[in-house]
Amino acid sequence: VLYPDLPEHGLIVLIGASGAGKSTLARTWPSSQVLSLDALRGTVSDEPGNQEATGDAADILKLILERRMARKLNTVIDATNVEETVRMELVTAAKRHGMPTVAVIVATPLTVCLQRQSLRPDSRRVPEDIVRSQHRAMVHSHQRLTAEGFNTVIFADALNRLEPYLNRLSQ
Ligand code: ATP
Ligand code: MG
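Everything in this summary refers to the structure shown in the same document. Everything numeric in this text was worked out from a predicted model, so none of it was measured.

### What to know about the packing of helix α3 (residues 54-70) against helix α4 (residues 84-96)
Part 1: The N-to-C vectors of α3 and α4 enclose an angle of 20°; their axes lie 10 Å apart at closest approach. Accordingly, the angle class assigned to the pair α3 and α4 is roughly parallel. Seen from above, α3 lies across α4 with right-handed handedness. Two secondary-structure elements touch here, α3 through L61, K62, L65, E66 and M69 and α4 through E89, L90, A93, A94 and R96.
Part 2: By residue class, the composition of the contact of α3 with α4 is six nonpolar, no polar and four charged.

The following block contains the structure:
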């Protein structure tokens, strides 16, 4: 059991701007449990950074998630997930399968998210105005998550580890 304070079989939705460290955190779960929108963009278009492929990648992500939840398997969604409509679709699907939902806010400061973009190759660099708007949407989403139906809302810390927060919550 990786995170004893999280449901063993649930839907874990990572929320954060590009560069926040979502994929880094996602790597702490077994890779078969992680659905990465970037990876699926690569699967359908050969270019993980190709925004035009987002719709097709999201269709496949939802299909795989559906099949995994039918098996009651734990799944981590590695995408920005800063838009309420995107999250609502995920939560609705999980409720339909009776799976608990966890929102993990990766609230890395905007300045850090932007600085990390500058270290990336062109094909993986997200434009500054988009990162700014994702970060704003992440902050805005924070107080809405419980109303959206998430059973648990937690923060990842600066080292992208969940443990300290989970321990604090359970003390
Ligand atoms: P995107 O939405 O664009 O996929 P992301 O949220 O998945 O972004 P990552 O790729 O996980 O972000 O992290 C961005 C960069 O920051 C990577 O180069 C990663 O190595 C680095 N990074 C992530 N977490 C940390 C950390 N705790 N300390 C230092 N560097 C980190
Ligand atoms: Mg990523």
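### Focus on unusual backbone geometry
Part 1: With a phi angle near 60°, K72 is a residue other than glycine that sits in the positive phi range.
Part 2: Inspection of the secondary structure puts K72 in the loop between α3 and β3 (75-78).

### Quick notes on the pattern of salt bridges
Part 1: For the coordinates displayed, the defined rule picks out eight salt bridges.
Part 2: Salt-bridge contacts for D38 lead to R41; the nearest nitrogen and oxygen are separated by 2.6 Å. You can see D38 and its partner R41 sitting in helix α2 (residues 37-45), three residues apart, about one turn around the helix.
Part 3: The class of R41 is buried, set by a relative accessible area of 7%.
Part 4: Here R96 makes a salt bridge to E66, at a shortest N to O gap of 2.7 Å.

### Regarding the sheet that holds strand β5 (residues 152-155)
Part 1: The strand order across the open sheet formed by five strands is β2-β3-β1-β4-β5, and the pairing between neighbours is parallel. The sheet is open, and its two edges are formed by β2 (34-36) and β5, each paired on a single side. The mean inter-strand angle of the sheet, taken between neighbouring strand axes irrespective of direction, is 20°.
Part 2: Pairing analysis gives three bridges linking strand β1 (residues 11-15) to β3, with the strands arranged parallel. Bridge pairing in β3 places L11 opposite T75.

### Here's the deal with the side chain of N81
Part 1: When you line up the elements, N81 lands in the loop between β3 and α4.
Part 2: A polar side-chain atom of N81 sits 2.7 Å from the main-chain carbonyl oxygen of L14.
Part 3: Contact partners of N81, with chain neighbours within four places excluded, come to V13, L14, I15, V86, R87 and L90.

The rules behind the values
- Per chain, residues are indexed from 1 in the order of the written sequence.
- In the order they appear in the text, chains get letters beginning with A and ligands get numbers beginning with 1.
- Local features are withheld for residues below a pLDDT of 70 in this predicted model, meaning they are given only at 70 or higher, and side-chain atom pairs are given and counted only at 80 or more; totals for whole chains, interfaces and linings count all residues.
- The side-chain quantities take in all heavy atoms of the structure and omit both hydrogens and water.
- Interaxial angles span 0 to 180 degrees and are taken between N-to-C directions of axes, which are lines fitted to C-alpha atoms, for helices over the stretch in contact.
- To qualify as a helix, a DSSP run of H or I must reach at least 4 residues; to qualify as a strand, a run of E must reach at least 2; elements of each kind are numbered from the N terminus.
- Put simply, angles under 35 degrees are roughly parallel, angles over 145 are roughly antiparallel, angles from 65 to 115 are roughly perpendicular, and the rest are oblique.
- Crossing handedness is defined as follows: a turn of the near helix away from the far one that is anticlockwise and smaller than a right angle gives a left-handed crossing, while the clockwise case is right-handed.
- Contacts were defined at the residue level, with two residues in contact if any of their heavy atoms lie within 4.5 Å.
- Ten residues, namely Ala, Val, Leu, Ile, Met, Phe, Trp, Tyr, Cys and Pro, are considered nonpolar, four, namely Asp, Glu, Lys and Arg, are considered charged, and the remaining ones, Gly among them, are considered polar.
- Criterion for a salt bridge: a side-chain nitrogen of Lys or Arg within 4 Å of a carboxyl oxygen of Asp or Glu.
- Categorising residues by exposure relies on relative accessible area from a 1.4 Å probe, with only protein chains included: less than 20% of the type maximum marks a residue as buried, more than 50% marks it as exposed, and the intermediate range marks it as partly exposed.
- Strand pairing is assigned whenever DSSP detects at least two bridges linking the two strands.
- Within 3.5 Å is the distance limit for a polar contact, defined as a pair of N or O atoms, with the added protein rule that one can donate a hydrogen and the other accept it, and that residues adjacent in sequence qualify only through two side-chain atoms.

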